[in-house]
Amino acid sequence: MNLATTVPVLTLDGPSGTGKGTVGQLVASQLGWHYLDSGAIYRVFAVMAERANIQPSDLIGLETFSNTLVIKFESRSNSIAVYCNDIDLSEIIRTESTGDLASLYASVPVVRKSVLNLQKQQRRTPGLVADGRDMGTTVFPDAKYKFFLNASAEVRAERRYKQLKVKGFDGSLSTLREEMRLRDDRDANRKTAPMVMADDAKEIDTSDLNIEEVVNRIINIVRNPTD
Ligand code: C5P
């Protein structure tokens, strides 16, 4: 048996604004496991492809281009830095427009294929918490624990709005809500690895829960598997 497949994985999938990133990092830290922010990979891809002027429709260009990218994560005291070809993209990838662009490139099968191995390689002992859209369905279908985080569209937009405001975002809540709806629709309806809940995932509606409550719920399930 491949050693990597014996390493436990906990997947966290779901739409934007459900708190997956924060919850994922806290769960990983409590379990002492590694953490994979798969969305960051798509965001990096999008930023680099746009800079190289390669459109999502240019399938051959994207395939060749994907071989030139070396993406690396580096843990910092309070965050995880993301580099591509030694360029620090940690800040730029966090904007809402990059998220939207990432969703466009992420709907292209050749792009998804090119980042698959990088994601699988993050499966390292003692375990991995992986956050994204297709972690439990496509990338780690054999994950030991699978969760799908959800929340009402209103709550998700408000959360994202607050996060972005701190970073100087000056758009309106209603525009943001509409942009998130379009992105989630695209992610849920694309042909390759759409955002769907895995049959064996547990759904958690985080609309009325704070981060700590979501983290505790997940940790309880991991530590008391029969509950
Ligand atoms: O999670 P995040 O907002 O950073 O993801 C950005 C975009 O990357 C998503 O809207 C989605 O289109 C894409 N993505 C994906 N599969 C993943 C993670 C992210 O398609 N596993």
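Rules used throughout
- Here the residue numbering is sequential within each chain, running from 1 through the sequence in written order.
- Where local features are concerned, this predicted model is filtered to residues with pLDDT of at least 70; where side-chain atom pairs are given and counted, the filter is 80 or more; whole-chain, interface and lining totals use all residues.
- The side-chain quantities take in all heavy atoms of the structure and omit both hydrogens and water.
- Segments assigned H or I by DSSP are reported as helices when at least four residues long, segments assigned E as strands when at least two residues long, and all are numbered from the N terminus.
- Computation of the radius of gyration draws on C-alpha atoms, with the globule rule given as 2.2 Å multiplied by the number of residues to the power 0.38.
- Each residue's exposure class comes from its accessible area (1.4 Å probe, protein chains only) as a fraction of the maximum for that residue type: buried when under 20%, exposed when over 50%, partly exposed otherwise.
- Note on contacts: a residue pair is in contact if any heavy atoms of the two residues lie within 4.5 Å.
- Accessible surface is estimated by sampling points in the Shrake-Rupley manner with a 1.4 Å probe; for residues, cover comes only from the protein chains shown.
- For the purpose of counting charges, residues Lys and Arg are taken to be positive, whereas Asp and Glu are taken to be negative. His and the chain ends are not included.
- A charged residue contributes its charge at one atom only: NZ of Lys, CZ of Arg, CG of Asp or CD of Glu.
- Salt bridges are defined as contacts in which a side-chain nitrogen from Lys or Arg sits within 4 Å of a carboxyl oxygen from Asp or Glu.
- Residue count minus one, scaled by 1.5 Å, sets the expected span of a helix.
- Any two strands with at least two DSSP bridges between them are considered paired.
- We define the nonpolar core as a collection of buried residues of types Ala, Val, Leu, Ile, Met, Phe, Trp, Tyr and Cys that are connected through side-chain atoms lying within 4.5 Å of one another.
- For helices, the fitted axis covers only the stretch in contact; all axes are lines through C-alpha atoms, and the angles between them, taken along N-to-C directions, range from 0 to 180 degrees.
- Any angle from 65 to 115 degrees is called roughly perpendicular, while one under 35 is roughly parallel, one over 145 is roughly antiparallel, and all others are oblique.
- Helix crossings fall into two classes, left-handed where the near helix is turned counterclockwise from the far one by less than a right angle and right-handed where it is turned clockwise.
- For this description, a residue counts as near a given molecule or strand if any of its non-hydrogen atoms is within 4 Å of it.
- A 3.5 Å cut-off defines polar contacts: any pair of N or O atoms within that distance qualifies, except that in protein one atom must be a possible hydrogen donor and the other a possible acceptor, and neighbouring residues in sequence count only when both atoms are side-chain atoms.
- Any residue outside Ala, Val, Leu, Ile, Met, Phe, Trp, Tyr, Cys, Pro, Asp, Glu, Lys and Arg is labelled polar, Gly included; the first ten of those are nonpolar and the last four are charged.

1. Remarks on the overall build of the protein chain
Step number 1: Regarding its fold elements, the protein chain presents nine helices and eight strands.
Step number 2: Since a compact globule built from 227 residues should have a radius of gyration of about 17 Å, the 17 Å found for the protein chain is in line with a globular shape.
Step number 3: With the principal axes as the frame, the protein chain shows a C-alpha extent of 50 × 50 × 35 Å.
Step number 4: Out of the 227 residues in the protein chain, the part that is buried amounts to 47%.
Step number 5: Pairs at least 24 residues apart make up 73% of the contacts formed inside the protein chain by residues separated by at least 6 positions.
Step number 6: Just so you have it, the protein chain exposes about 11600 Å², and 51% of that area is on carbon and sulfur atoms.
Step number 7: Counting 29 positive and 30 negative side-chain charges, the protein chain places the centres of these two groups 3 Å from one another.

2. Digging into the side chain of Lys20
Step number 1: Inspection of the secondary structure assignment puts Lys20 in helix 1 (residues 20-31).
Step number 2: Buried Lys20, no salt bridge; nearest opposite-charge side chain is Asp131, N-O distance 4.3 Å.
Step number 3: Ignoring anything within four residues of it in the chain, the contact list for Lys20 reads Leu12, Asp13, Gly14, Pro15, Asp131, Gly132, Arg133 and Leu149.

3. Quick look at helix 7 (residues 153-166)
Step number 1: Helix length check: helix 7 (14 residues) gives 20 Å between terminal C-alpha atoms against 20 Å at 1.5 Å per residue, within 8%.
Step number 2: Considering only its buried residues, helix 7 is in contact with helix 2 (38-51), helix 4 (96-106), strand 7 (145-150) and helix 8 (173-189).
Step number 3: Count one or two residues on from helix 7 and you reach Gly168, which has phi positive near 95°.

4. Description of the pattern of salt bridges
Step number 1: Going through the model one piece at a time under the given rule, you end up with 14 salt bridges.
Step number 2: One salt bridge in this structure joins Arg160 and Glu96, with 3.0 Å as the shortest N-O distance. Of this pair, Arg160 sits in helix 7 while Glu96 sits in helix 4; the two residues are 64 residues apart in sequence, bridging distant segments of the chain.
Step number 3: Looking at Arg160, the relative accessible area reads 12%, which means it is buried.

5. Brief notes about the sheet that holds strand 3 (residues 71-75)
Picture the strands of a sheet paired through backbone hydrogen bonds; they go either parallel or antiparallel.
Step number 1: On the basis of which strands lie adjacent, the open sheet formed by three strands has the order 3-4-5 and antiparallel pairing. Two strands lie at the open edges of the sheet, namely strand 3 and strand 5 (87-88), each paired on one side alone.
Step number 2: In terms of strand pairing, strand 3 meets strand 4 (residues 80-84) through five bridges, oriented antiparallel. Looking across to strand 4, one finds that Ser75 is bridged to Ile80.

6. Overview of the nonpolar core
Step number 1: Within the largest apolar cluster, 35 residues are counted, with the highest numbers of intra-cluster contacts made by Val44, Phe45, Leu62 and Phe140.
Step number 2: Elements supplying a minimum of two residues to this core: helix 2, helix 3 (59-66), strand 4, helix 4, helix 5 (109-120), strand 6 (128-132) and helix 6 (135-139).
Step number 3: The element best represented in this core is helix 2, accounting for nine residues.
Step number 4: Listed in part, the 20 residues of the second largest apolar core include Leu10, Leu31, Phe147 and Ile221.

7. Brief notes about the packing of helix 1 against helix 9 (residues 211-223)
Step number 1: Contact pair helix 1 / helix 9: the axes reach a minimum separation of 10 Å and the direction vectors enclose 45°. What the angle tells us is that helix 1 and helix 9 run oblique. Of the two possible hands of crossing, helix 1 and helix 9 adopt the one that is right-handed. Each of Thr22, Val23, Leu26, Val27, Gln30 and Leu31 in helix 1 lies in contact with helix 9, whose residues at this interface are Ile211, Val214, Val215, Ile218, Ile219, Val222 and Arg223.

8. Topic: the site of the ligand
Step number 1: Around the ligand sit 15 residues in total, of which Arg43, Arg112, Asp134, Arg183 and Asp187 are the nearest.
Step number 2: Within the side chain of Asp187, an N or O atom sits 2.6 Å from an oxygen atom of the ligand.
Step number 3: Arg190 is positioned such that a nitrogen or oxygen atom in its side chain is 2.8 Å from an oxygen atom of the ligand.
Step number 4: When the free accessible area of the ligand is taken as 460 Å², the share hidden by the protein chains comes to 96%.
Step number 5: At the level of elements, helix 2, helix 4 and helix 8 are the ones that each hand at least two residues to the shell around the ligand.
Step number 6: If you tally residues by element for the shell around the ligand, the top one is helix 2, at four residues.
Step number 7: Across the shell around the ligand, the residue classes break down as four nonpolar, four polar and seven charged.

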